[in-house]
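Summary of structural features
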Amino acid sequence: MILIVLFEILPLVSILLNSVSPIGTSGITFEHFGNIFKSDYYRMSIFNSLMIAVWSSVIGLSVAILGAYAIHHATPKVKRFFINLINMASNFQGIQLAFAFIILLGNAGVLVLIGQQVGIGFLAHFDVYSSTGILLTFIYFQIPLAIVLLYPSFDAIRQEYKEAAMLLNASTISFWLRVGIPIILPSLFGTFSVLFSNALAAYATPYALMGNNYALLPIRISAMFTGDVVQQVELGSALSVILLLLMSVMTISSTTVLKKMRKEG
């Protein structure tokens, strides 16, 4: 309880109070939120964060479904090897991930130089310091995390279900549409919610890759609290509240859908 109060409740209360505190005076104001939604720059930060979170979650989840299915059907020895590999890859993010992508796809990256020598236009002109580069790094760490969360759900699809479907002359597509996907659908929604929140709050990787040159909510929030010239704690707190609200909406929506699915199932 002491840890929860010190590291969760008190910081949250502080952010909420600062977000409605006037600068230099006492009282309550919602001017900071108004300034955020009036500014094209802050609106762009919110939009960019949402788009990257959604697309990285969708693409990462799509690839992870195939990976989790492959692990489910692998032999025990192969399964243990890939689970250990995926667990390691799921923790490979942050500054070290950005540095790895700079080495591979930076202006003088290994793959870029190979693309220039061989004549592969996509690699030769790839710009890792862009929205595409940030999206690619996000997808990279979303895939192993999604596989770790998803592969246990395939154990719920028992062999008896497949044999019963075969006896009823059901095709493979029909089995997955009527049996397989409905069984793992709650896990898909839950995993998407985790991936979305993970991408929305990611800070270290995009900052190490782009610095303050790209408009994302976590980067803007950090700049408000660690400004080299002027700190804008109240505005940063308002941006933090918006970030918390976006994550809360996704979490509550996912929880509601999961409860409804379990009740109907």
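This section reports on the structure supplied with the text. All values reported here derive from a predicted model rather than from experimental measurement.

Here we look at the overall build of the chain
Secondary structure assignment for the chain yields 13 helices and zero strands. Counting only C-alpha atoms, the chain reaches 75 × 60 × 35 Å along its principal axes. In the chain, of all internal contacts separated by at least 6 residues, the share reaching a separation of at least 24 is 67%. With an accessible surface of roughly 15500 Å², the chain has 68% of that area assigned to carbon and sulfur atoms. Once the 13 positive and 10 negative side-chain charges of the chain are each reduced to a mean point, those two points are 12 Å apart.

Examining helix 5 (residues 95–105)
Among the residues of helix 5, those classed as buried are Leu97, Ala98, Phe101 and Leu105. Projected onto a plane normal to the axis of helix 5, the buried residues spread over an arc of 100 degrees and lie on a single side. Opposite the packed face of helix 5, turned more than 90 degrees from it, sit the exposed residues Ile95 and Phe99. Buried residues belonging to helix 5 abut helix 6 (110–118), helix 7 (121–124), helix 8 (131–150) and helix 11 (204–210).

Regarding unusual backbone geometry
Here Asn169, not a glycine, exhibits a phi torsion of approximately 60 degrees, which is positive. Inspection of the secondary structure assignment puts Asn169 in the loop between helix 9 (159–167) and helix 10 (172–200). Note on Asn169: relative accessible area 72%, which makes it exposed.

Considering helix 2 (residues 31–38)
A turn of α-helix holds 3.6 residues, and therefore any two residues three or four places apart point the same way. Of the positions making up helix 2, those classed as buried are His32, Phe33 and Ile36. Summarising the axial view, the buried residues of helix 2 lie within an arc of 100 degrees, below the 170-degree limit, and thus occupy one face. In helix 2, the exposed positions angled more than 90 degrees off the buried face are occupied by Glu31 and Lys38.

Concerning the pattern of salt bridges
Under the defined criterion, the tally for this structure stands at one salt bridge. Residue Arg43 pairs with Asp40 through a salt bridge whose shortest N-O separation is 2.3 Å. Placement of the pair is Arg43 and Asp40 together in helix 3 (residues 40–72), with a separation of three residues, close to one helical turn. By relative accessible area, Arg43 is classed as partly exposed at 36%.

Section: a nonpolar patch on the surface
A contiguous nonpolar surface patch, about 1100 Å² in accessible area, is contributed by Met1, Ile2, Leu3, Ile4, Val5, Leu6, Phe7, Ile9, Leu10, Val13 and Leu17. By the element assignment, Val13 lies in helix 1 (residues 2–19). Judged by its relative accessible area of 39%, Val13 is partly exposed.

Here we look at the packing of helix 4 (residues 76–90) against helix 8
Angle between the axes and distance between the axes are the two parameters that describe a pair of packed helices. Following both chains from N to C, one finds helix 4 and helix 8 inclined at 130 degrees, their axes separated by 8 Å at the closest point. As the angle between them shows, helix 4 and helix 8 are arranged oblique. Considering the relative orientation of helix 4 and helix 8, their crossing is left-handed. Residues Ile86, Asn87, Ala89 and Ser90 of helix 4 pack against Pro144, Leu145, Ile147 and Val148 of helix 8. Of the residues contributing to the contact of helix 4 with helix 8, the split by class is six nonpolar, two polar and no charged.

Brief notes about the side chain of Ser240
Relative to the assigned elements, Ser240 resides in helix 13 (residues 233–264). Under the relative-accessibility criterion, Ser240 is labelled buried at 9%. If we ignore the near neighbours within four places in the chain, the residues touching Ser240 are Ile15, Ile221 and Phe225.

Quick word on the environment of Lys259
Following the sequence through the fold, Lys259 ends up in helix 13. Take Lys259: its relative accessible area is 59%, and that puts it in the exposed class. Along the sequence, Lys259 and Pro186 sit 73 residues apart, while their C-alpha atoms lie 8.9 Å from each other.

Brief notes about the packing of aromatic side chains
The final tally for this structure, using the stated rule, is 13 aromatic pairs. Judged by centre distance (5.6 Å) and plane angle (85 degrees), the ring pair of Phe101 and Tyr140 falls under edge-to-face. In this pair, Phe101 is assigned in helix 5 and Tyr140 in helix 8, connecting sequence segments 39 residues apart. By relative accessible area, Phe101 is classed as buried at 8%. For the pair Tyr203 and Tyr207, a centre-to-centre distance of 5.2 Å together with 20 degrees between the ring planes defines the contact as stacked. Tyr203 sits in the partly exposed class, given a relative accessible area of 30%. One aromatic cluster is present, built from ring pairs that chain together Tyr69, Phe154, Phe175 and Trp176.

About the thresholds
- Once a new chain begins, its residue numbering starts again from 1 and follows that chain's sequence as written.
- Since the coordinates come from a predicted model, pLDDT governs what is reported: local features require at least 70, and pairs of side-chain atoms require 80 or more to be given and counted, while whole-chain, interface and lining totals use all residues.
- Think of the side-chain values as coming from all heavy atoms in the structure, minus any hydrogens and water.
- A helix here means a DSSP run of H or I that spans at least four residues, while a strand means a run of E at least two residues long, and both kinds are numbered starting from the N terminus.
- The criterion used for residue contact is that any of the two residues' heavy atoms lie within 4.5 Å.
- Here the Shrake-Rupley method, with its probe set to 1.4 Å, supplies the accessible areas, and only the displayed protein chains count as covering residues.
- For the charge count, each Lys or Arg is scored as positive and each Asp or Glu as negative, with His and the chain ends excluded.
- Where a charge lies is defined by one atom per residue type: Lys uses NZ, Arg uses CZ, Asp uses CG and Glu uses CD.
- Relative accessibility decides the category of a residue: with a 1.4 Å probe and only protein chains considered, values under 20% of the type maximum give buried, values over 50% give exposed, and everything between is partly exposed.
- What the arc measures is the spread of directions leading from the helix axis to the C-beta atoms.
- Think of a salt bridge as a Lys or Arg side-chain nitrogen and an Asp or Glu carboxyl oxygen that are within 4 Å of each other.
- In this scheme, patches are assembled from residues that exceed 30% relative accessible area and form no salt bridge. Like charges are connected within 9 Å, while nonpolar side chains (Val, Leu, Ile, Met, Phe, Trp, Tyr) are connected within 5 Å.
- Angles shown run from 0 to 180 degrees and are taken between the N-to-C directions of axes, each axis being a line fitted to C-alpha atoms and, for helices, limited to the stretch in contact.
- Under this scheme an angle from 65 to 115 degrees is roughly perpendicular, one under 35 degrees roughly parallel, and one over 145 degrees roughly antiparallel; angles in between are oblique.
- In this scheme, a crossing is called left-handed if the near helix is turned counterclockwise away from the far one by less than a right angle; it is called right-handed if the turn is clockwise.
- In this classification, the charged set is Asp, Glu, Lys and Arg, the nonpolar set is Ala, Val, Leu, Ile, Met, Phe, Trp, Tyr, Cys and Pro, and all remaining amino acids, among them Gly, are polar.
- Aromatic pairs are defined between Phe, Tyr and Trp rings, using the six-membered ring for Trp, whenever the two ring centres lie within 6.5 Å; interplanar angles under 30 degrees are classed as stacked, those over 60 as edge-to-face, and all others as tilted.

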